[in-house]
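A structural walkthrough
What follows is the residue order along each chain.
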Amino acid sequence: MDNSKEKEFLAQIESHKGILHKVARMYMDNLEDREDLHQEIIIQLWKSYANFKGDSAFSTWMYRVAINTAITYFKKDKRRNDRFSSEKVREPVSENYDPLKDRQLEVFYLAVQQLNQVEKALIFYFMEGLSHRDIGLQLGISEGNARVKLARTKDQLQNIIKKSNYELG
């Protein structure tokens, strides 16, 4: 790959790095695992970048590669259950830090850790604002199936939070 392609790739990664952070956060529960997954996603993006033809937006392609890499990585990581940590995971602090919102995010991500890989992908795509049609296309299921699975997953997530008796205030 020539130098201009490499610079183009790095610029695209930089402008869409939020996708990497969100996918890693959805699939891994501790910082070290998230960093490892983050690196694995970048490696897979680089390996498949030559195949990116621009038929879809870079971000759409990046979502697909990131989610598929996360699912594959998650399946390979046999030690994962032994490493669950209930440490408080914090989002990066912004200028408008809100402790309540921070706690809500922490509770949300802890609950998401209890979902399976497909359910995590559904929630991720929903959070990214994808339509049911686009979620279906990303996951290889029908729009109707995406709608039903997403509704069930959202209910399941709410139940996990309620059963865990998380305090949000």
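Keep in mind the model is a prediction, meaning the values are calculated, not measured.

Turning our eyes to something else, we now look at the overall build of the protein chain. Within the protein chain, the regular secondary structure consists of eight helices and zero strands. The order of α-helices and β-strands along the protein chain, N terminus first, is α-α-α-α-α-α-α-α. Of the contacts made within the protein chain by residues no fewer than 6 positions apart, 70% connect residues no fewer than 24 positions apart. Of the roughly 10,200 Å² that the protein chain leaves accessible, carbon and sulfur atoms contribute 49%.

Looking at where arginine 25 falls in the secondary structure, it is placed in helix H2 (residues 17-27). Taking the relative accessible area as the measure of exposure, arginine 25 reaches 7% and is therefore buried. When the C-alpha positions of arginine 25 and leucine 37 are compared, they lie 9.3 Å apart, and in sequence the two are twelve residues distant.

Across all of its chains, the model carries four salt bridges by this definition. Of the charged contacts in the structure, one is a salt bridge between glutamate 128 and lysine 22, with a shortest N-O distance of 2.9 Å. In this pair, glutamate 128 is assigned in the loop between helix H6 (117-127) and helix H7 (132-139) and lysine 22 in helix H2, connecting sequence segments 106 residues apart. A residue is classified by how much of its surface remains accessible, and glutamate 128, at 23% relative accessible area, is partly exposed. Arginine 147 is the salt-bridge partner of glutamate 143, the closest N and O atoms lying 3.2 Å from each other. Taken together, the residues span about one helical turn, with glutamate 143 and arginine 147 both in helix H8 (residues 143-163) at a distance of four residues. Judged by relative accessible area, which is 38%, glutamate 143 ranks as partly exposed. Judged by its relative accessible area of 41%, arginine 147 falls in the partly exposed class.

Given 3.6 residues per helical turn, the α-helix brings residues three or four places apart onto the same face. Three or more residues of H7 are buried, namely Ile135, Gly136 and Gln138. Along the axis of H7, the buried residues cluster in a sector spanning 160°; they form a single face. Where H7 ends, the next residue or the one after it, glycine 140, has phi of about 75°, a positive value.

Evaluation of the coordinates by the stated rule reveals twelve aromatic pairs. An angle of 65° between the planes, with centres 4.9 Å apart, marks the rings of phenylalanine 9 and tryptophan 46 as edge-to-face. Of this pair, phenylalanine 9 sits in helix H1 (residues 3-15) while tryptophan 46 sits in helix H3 (residues 31-48); the two residues are 37 residues apart in sequence, bridging distant segments of the chain. The structure contains a cluster of three or more aromatic residues connected by ring pairs, namely Phe9, Trp46, Tyr49, Phe52, Phe58 and Trp61.

Glancing now at the packing of H6 against H8. In contact at an axis separation of 9 Å, H6 and H8 are set at 100° when each is read in the N-to-C sense. The orientation of H6 relative to H8 falls into the category roughly perpendicular. Where H6 abuts H8, its residues Glu119, Leu122, Ile123 and Phe126 lie against Ala146, Lys149, Leu150, Thr153, Lys154, Gln156 and Leu157. When its residues are assigned to classes, the contact of H6 with H8 shows six nonpolar, two polar and three charged.

Analysis parameters
Residues numbered from 1 in each chain as written. Predicted model: local features only at pLDDT ≥ 70, side-chain atom pairs only at ≥ 80, totals over all residues. Heavy atoms only, no water. Helix = DSSP H or I, 4+ residues; strand = E, 2+ residues; numbered from the N terminus. Contact = heavy atoms within 4.5 Å. Areas by Shrake-Rupley, 256 points an atom, 1.4 Å probe, with all protein chains shown as cover. Buried < 20%, exposed > 50% of the residue type's maximum accessible area, 1.4 Å probe, protein only. Salt bridge = Lys/Arg side-chain N within 4 Å of Asp/Glu carboxyl O. Arc of directions from axis to C-beta. Phe/Tyr/Trp six-rings, centres within 6.5 Å; stacked < 30°, edge-to-face > 60°. Axes fitted to C-alpha atoms, helices over the stretch in contact; angles between N-to-C directions. Parallel < 35°, antiparallel > 145°, perpendicular 65-115°, else oblique. Nonpolar A, V, L, I, M, F, W, Y, C, P; charged D, E, K, R; others polar.

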